[in-house]
Amino acid sequence: MKIETIPQEGYEKVVKCEDPESGLRAVIAVHSTALGPALGGLRMWPYGSWDDAIFDVLRLSKGMTYKSAVADTGLGGGKSVIIGNSKTEKSEALFRAMGRFIDSLGGTYITAEDVGTCVEDMVHVRKETKFCTGLPLELGSSGDPSPWTALGTFLGIKACLEEVYGSADFADRTVAIQGCGHVGAFLADLLHEQGAKMIFADITPERAQELADRTGGIVGDPATILEAECDVLAPCALGAVVNDETLPNFRSKIIAGAANNVLLREEHGQRLKEAGILYAPDYVINAGGIINVSIEVEGDYDEARSRAKVENIYNALQQIFKISRTEDIPTSEAANRLAQERLNQPARS
Ligand code: NAD
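Since we're looking at a predicted model, the values are computed, not measured.

Asks: Explain the overall build of the protein residue by residue, including any values.
Replies: If you tally the helices and strands in the protein, you get 12 helices and 13 strands. A globule of 349 residues ought to have a C-alpha radius of gyration of about 20 Å, and the protein, at 20 Å, matches this closely. In terms of overall dimensions, the protein has C-alpha extents of about 60 × 45 × 40 Å along its principal axes. By residue count, 55% of the 349 residues in the protein fall in the buried class.

In structure tokens form, the structure reads like this:
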């Protein structure tokens, strides 16, 4: 096993990990532990080079710091990536080697599932380190994060409706949901309970159809869902949906969904503001899952505590909208400011 520290300005620790026996090539980035241990998922992706992997893990780990800071999870930000194909190159030895590297950081980094990894992989990691979450329920896990992410997203949409229309009467509103997977489905149920009308689109049309049947909604075309006539556009599939091409075509006054990295570039936050579209910053509105995991990390997982904390997403967004209004800055920038302010405060004991 070989571990090498890569000095990186603005990051507490970045390590390159190699284990020739299992074939593991990984990078762990601890961006900040100012507010607590750095928690963030383990991604497995066929990066073309070490540089690509490092670029990604740096970006993702910093994002986790901001997300946890605004969500007040008492956690810092980190992330790890394995270079490899998650369909063909997984093995128990690979994830156990990863577990040993994580363990060697002494708890400054805590891992979880991410793109390309699953509960089974975490079970192997857990054999080598206790600094691992996202385990099966019977091993003390907090379970599937998606319903919590959906709850936070729902409350975020409520905050947006109040900001734009002065009321969150869902019965008068239409929400277009792009992506009918885990989060999209739970979100649809919450919106349906409140009487919202919905348009669903998914590249797997049966998923959209199933939700439409269940909630009395309609199925839209995934190619044009971003242009749908609606009050709220909820991206729950991919990132980068707000870009130069899509921007002129939005017809909703609100963009609020669970997807990560909704803005292609930071400047698109300003462009949304200029277009009069209220944007719920992605890492704020989709923090329900990480909040739930943070309750697991605190120990003695308690669902009621988790719910109360996820409900704070509503307040966090209200605060961000207020900063955006008073400072005349995009909501994306207001969220970063709030995160930075929290990072500058002393950590909870
Ligand atoms: P998922 O894979 O279960 O669902 C995504 C759905 O989007 C799939 O049904 C897929 O077919 C569909 N899709 C993909 N490309 C599409 C396109 N171009 N148009 C329409 N549909 C498309 O994922 P999920 O867990 O529901 O997560 C959804 C989004 O929320 C992702 O961006 C994820 O990173 C983000 N997110 C999820 C969580 C969580 O708790 N699951 C937490 C934070 C952020």
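So, next bit.
Asks: Can you break down the site of the ligand residue by residue, with the values?
Replies: The immediate surroundings of the ligand are formed by 21 residues, with Thr-149, His-182, Val-183, Asp-202 and Arg-207 found nearest. Separating an oxygen atom of the ligand from a side-chain N or O atom of Asp-202 is a distance of 2.6 Å. Here Asn-260 contributes a side-chain N or O atom positioned 3.0 Å from an oxygen atom of the ligand. Those elements that place two or more of their residues in the shell around the ligand are α4 (146–165) and α5 (182–193). Of the residues that constitute the shell around the ligand, the class distribution is 10 nonpolar, 9 polar and 2 charged.

Asks: Quick one: what's the story with the side chain of Ser-80, residue by residue and with numbers?
Replies: Among the structural elements, Ser-80 can be located in strand β6 (residues 76–83). Residue Ser-80 is classed as buried on the basis of its relative accessible area, which comes to 0%. Dropping the residues within four chain positions of it, Ser-80 is found in contact with Val-27, Ile-28, Gly-41, Leu-42, Arg-43, Val-57, Met-98, Tyr-109 and Thr-111.

Asks: Quick rundown of the nonpolar core? Include the residues and the values.
Replies: Counting 86 residues, the largest nonpolar core has Ile-28, Ile-82, Ile-177, Leu-187, Leu-191 and Phe-200 as its most contacted members. Per element, the largest residue contribution to this core is 9 residues, and it comes from α4. Residues lining this core come from more than one domain, with at least three contributed by each of domain 1 (2–135) and domain 2 (146–287 + 316–336). Setting aside anything within four residues of it in sequence, one finds Ile-177 in contact with Gly-184, Leu-187, Ala-188, Leu-191, Met-198, Ile-199, Phe-200, Ala-201, Ile-225, Ala-234 and Cys-236. In this structure, Ile-225, Leu-226, Phe-250 and Tyr-279 belong to the second largest nonpolar core, which totals 19 residues.

Asks: Break down the domain arrangement of the protein for me, citing the residues and quoting the values.
Replies: Quoted interface sizes are often the accessible area lost when the parts come together. Domain annotation of the protein identifies domain 1 (2–135) and domain 2 (146–287 + 316–336). One C-alpha centre belongs to domain 1, the other to domain 2; they are set 29 Å apart. Both sides together, the interface formed by domain 1 and domain 2 hides about 560 Å², and carbon and sulfur atoms give 66% of it. Summed over the three residues of domain 1 that lose the most area to domain 2, namely Tyr-66, Lys-67 and Val-70, the buried surface amounts to 79% of that side.

Asks: Please provide a residue-by-residue account of the environment of Phe-95, values included.
Replies: Here Phe-95 lies in helix α2 (residues 92–104). Excluding residues within four positions of it along the chain, Phe-95 makes contact with Leu-42, Met-44, Ile-82, Lys-90, Thr-117, Asp-121, His-124 and Val-125.

Asks: Tell me what's going on with the pairing of strand β5 (residues 42–45), and back it up with residues and numbers.
Replies: Consecutive side chains along a regular strand alternate between the two faces of the sheet. As judged from the 4 bridges shared by β5 and β6, these two strands associate in the parallel manner. What sits directly across from Arg-43, in β6, is Val-81. A crossover connection joins β5 to the parallel β6 through helix α1 (residues 50–71); in handedness this β-α-β unit is right-handed.

Asks: Kindly report on the pattern of salt bridges, identifying the contributing residues and their values.
Replies: Overall, the coordinates contain 24 salt bridges when judged by the stated rule. Glu-92 serves as the salt-bridge partner of Arg-96, at 3.0 Å between the closest nitrogen and oxygen. Note that Arg-96 and Glu-92 are positioned in helix α2 at a spacing of 4 residues, about one turn of the helix. You can call Arg-96 partly exposed: its relative accessible area is 27%. The exposure class assigned to Glu-92 is partly exposed, which follows from its relative accessible area of 34%. Asp-244 serves as the salt-bridge partner of Arg-265, at 3.5 Å between the closest nitrogen and oxygen. Here Asp-244 lies in the loop between β11 (232–235) and β12 (254–255) and Arg-265 lies in the loop between β12 and α7 (267–274), a separation of 21 residues in the sequence.

Asks: Can you tell me about the environment of Ile-157, naming the residues and giving the values?
Replies: Within the fold, Ile-157 resides in helix α4. The residues touching Ile-157, leaving out its near neighbours within four places in the chain, are Phe-170, Leu-187, Val-232, Ala-256 and Ile-285.

Asks: Just give me the short version of the packing of α5 against helix α6 (residues 205–215), but keep the residues and values in it.
Replies: Pairs of packed helices are described in terms of their axes, by the angle between the two and the distance that separates them. Packing of α5 against α6 brings their axes to within 10 Å, and their N-to-C directions diverge by 15 degrees. It follows that α5 is roughly parallel to α6 by the angle criterion. Both α5 and α6 take part in a crossing whose hand is right-handed. Here Gly-184, Ala-185, Ala-188, Asp-189 and His-192 of α5 come into contact with α6, specifically with Leu-211, Arg-214 and Thr-215. A breakdown of the residues in the contact of α5 with α6 according to their chemical character gives 3 nonpolar, 3 polar and 2 charged.

Asks: Mind laying out the side chain of Ser-68, listing which residues take part and the relevant values?
Replies: Here Ser-68 lies in helix α1. Overall, the relative accessible area of 1% leaves Ser-68 in the buried class. Not counting residues up to four positions away in its chain, the partners in contact with Ser-68 are Thr-73, Leu-75, Gly-76 and Ile-290.

About the criteria used
- Residues numbered from 1 in each chain as written.
- Predicted model: local features only at pLDDT ≥ 70, side-chain atom pairs only at ≥ 80, totals over all residues.
- Heavy atoms only, no water.
- Helix = DSSP H or I, 4+ residues; strand = E, 2+ residues; numbered from the N terminus.
- Rg over C-alpha atoms; globule rule 2.2 N^0.38 Å.
- Buried < 20%, exposed > 50% of the residue type's maximum accessible area, 1.4 Å probe, protein only.
- Near = heavy atom within 4 Å.
- Polar contact = N/O pair within 3.5 Å; in protein donor to acceptor, adjacent residues only side chain to side chain.
- Nonpolar A, V, L, I, M, F, W, Y, C, P; charged D, E, K, R; others polar.
- Contact = heavy atoms within 4.5 Å.
- Core = buried A, V, L, I, M, F, W, Y, C linked by side-chain atoms within 4.5 Å.
- Domains from an automatic or database assignment.
- Buried area = accessible area lost by both parts, 1.4 Å probe.
- Pairing = 2+ DSSP bridges.
- Right-handed = clockwise from strand over helix to strand, strands pointing away.
- Salt bridge = Lys/Arg side-chain N within 4 Å of Asp/Glu carboxyl O.
- Axes fitted to C-alpha atoms, helices over the stretch in contact; angles between N-to-C directions.
- Parallel < 35°, antiparallel > 145°, perpendicular 65-115°, else oblique.
- Left-handed = near helix turned anticlockwise from the far one by under 90°.

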